[in-house]
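Architecture at a glance
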Amino acid sequence: MAADGTAPGPPVEELRAALRALADPLKAEQQRAYLHSDLTHLGVRVPDLRCCVTATRRKLGPRPGPEVLTLAQDLWSSSRAEPVYEYRWAAVELLVQYAGALDAADLQRGVEPLLRECRTWALVDPLAVHCAGAVARRDPGAGAVLDRWIGDPDFWLRRAALLALLPGIRADHPDSARLLRYADALVDEREFFLRKALGWALREASIRDPHLVTQWLDRHGPRVAPLTRREALRRLPG
């Protein structure tokens, strides 16, 4: 059932059927073990799932943001009775492929609820980097959404806010002021996935602006977790 209680439309049903046809029980067990997952896994391989979603997108053609959100939410909510990792993953991939149709308001009303239910880096990271990050590069209004996420009690939202800055950093158009604010907000975090993400973001920034990163590390000194410092310095000369 979709989020509004109606049955999912044909595109969702067809995509789910295509994913089930690619099920591989051995691969499913490997995925579950690797991700420490309590979801049902079909064992669909990454290229195959992306091909299925791409075929659905091509069949649907261009769609406005609200329709894309509805399709993704239908895919996601159809796995609530029987939580299937690939259905959620396909919803994320659909949002990534249609990121150009989304805006800041879509991040708040559609992407954020899914981020709160992801509970794994394997779903949070592509949704943060390739969907929210793509929107943030195009829509200045996304900054206010990310600013709220960085202070959210849910550490996955905080991770998503930080990782959404990566596309701008990689395109040599970093939002350095926001990166430093987020880094300051996270410097005392004890959660592994936040320490790792902070080091990752700083490492990417160091490729183009090593001084910004070394200055931040020097300013915070021993407050910076060893994992974060190690990751941040990985691309810099010893």
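Residues numbered from 1 in each chain as written. Predicted model: local features only at pLDDT ≥ 70, side-chain atom pairs only at ≥ 80, totals over all residues. Heavy atoms only, no water.

The chain appears in an unreviewed UniProt entry as DNA alkylation repair protein from Streptomyces xanthophaeus.

With 15 residues, helix α6 (residues 104-118) ought to run about 21 Å at 1.5 Å a step, and its terminal C-alpha atoms sit 20 Å apart, in line with that. The largest bend along α6 measures about 45° and falls at V111, with the proline P113 one to four residues further on. Of all the residues in α6, the buried ones are A104, D106, L107, G110, V111, E112, L114, L115 and C118. Looking at the buried side of α6, the elements it contacts are α4 (65-77), α5 (85-97), α7 (121-138), α8 (142-149) and α9 (155-163). Among the residues of α6, the N-terminal cap falls to D103, whose side-chain oxygen and the backbone nitrogen of A105 are separated by 3.1 Å. (Helix = DSSP H or I, 4+ residues; strand = E, 2+ residues; numbered from the N terminus. Expected span 1.5 Å × (residues − 1). Bend = angle between axes of the 7 residues up to and from the residue. Buried < 20%, exposed > 50% of the residue type's maximum accessible area, 1.4 Å probe, protein only. Contact = heavy atoms within 4.5 Å. Polar contact = N/O pair within 3.5 Å; in protein donor to acceptor, adjacent residues only side chain to side chain.)

A word on the environment of T40. With respect to the helices, strands and loops of the structure, T40 is situated in the loop between α2 (25-35) and α3 (46-60). As for T40 and V12, which are separated by 28 residues in sequence, their C-alpha atoms are 18 Å apart. For T40, the contacting residues outside a window of four places in its chain are E82, P83, V84, Y85 and E86.

The next thing to look at is the packing of α4 against α5. Running from amino to carboxyl end, α4 crosses α5 at an angle of 170°, the nearest separation of the two axes being 8 Å. Judged on the interaxial angle alone, α5 and α4 are roughly antiparallel. When the axes of α4 and α5 are compared, the crossing they make is left-handed. Contacts between α4 and α5 involve V68, L69, L71, A72, L75 and W76 from the first element and Y87, R88, A90, A91, V92, L94 and L95 from the second. Counted by class, the contact of α4 with α5 contains twelve nonpolar, no polar and one charged residues. (Axes fitted to C-alpha atoms, helices over the stretch in contact; angles between N-to-C directions. Parallel < 35°, antiparallel > 145°, perpendicular 65-115°, else oblique. Left-handed = near helix turned anticlockwise from the far one by under 90°. Nonpolar A, V, L, I, M, F, W, Y, C, P; charged D, E, K, R; others polar.)

Looking now at the environment of C118. Position of C118 relative to the elements: it lies in helix α6. Each C-alpha atom, one on C118 and one on A132, is 14 Å from the other, the two residues being 14 residues apart in sequence. Not counting the four nearest positions on each side in its chain, C118 is found in contact with W76, L123, V124 and L127.

What follows is about the pattern of salt bridges. According to the stated counting rule, one finds 21 salt bridges in the structure shown. Between E67 and R63 there is a salt bridge whose closest N-O contact spans 3.0 Å. Take E67: its relative accessible area is 35%, and that puts it in the partly exposed class. Taking relative accessible area as the criterion, R63 reaches 30% and is therefore assigned partly exposed. Ionic pairing is found between E189 and R158, a salt bridge with its closest N-O pair at 3.0 Å. Of this pair, E189 sits in the loop between α11 (176-186) and α12 (192-208) while R158 sits in helix α9, placing them 31 residues apart in sequence. Take E189: its relative accessible area is 16%, and that puts it in the buried class. Taken together, the shared-partner salt bridges connect E112, R116, R148 and D152 into one network. (Salt bridge = Lys/Arg side-chain N within 4 Å of Asp/Glu carboxyl O.)

With that out of the way, let us pick up unusual backbone geometry. Its identity is not glycine, yet R119 carries a phi of approximately 60°, on the positive side. Secondary-structure assignment places R119 in the loop between α6 and α7. Among the residues examined, R119 registers a relative accessible area of 48% and is labelled partly exposed. Its identity is not glycine, yet D172 carries a phi of approximately 65°, on the positive side. Inspection of the secondary structure puts D172 in the loop between α10 (166-170) and α11.

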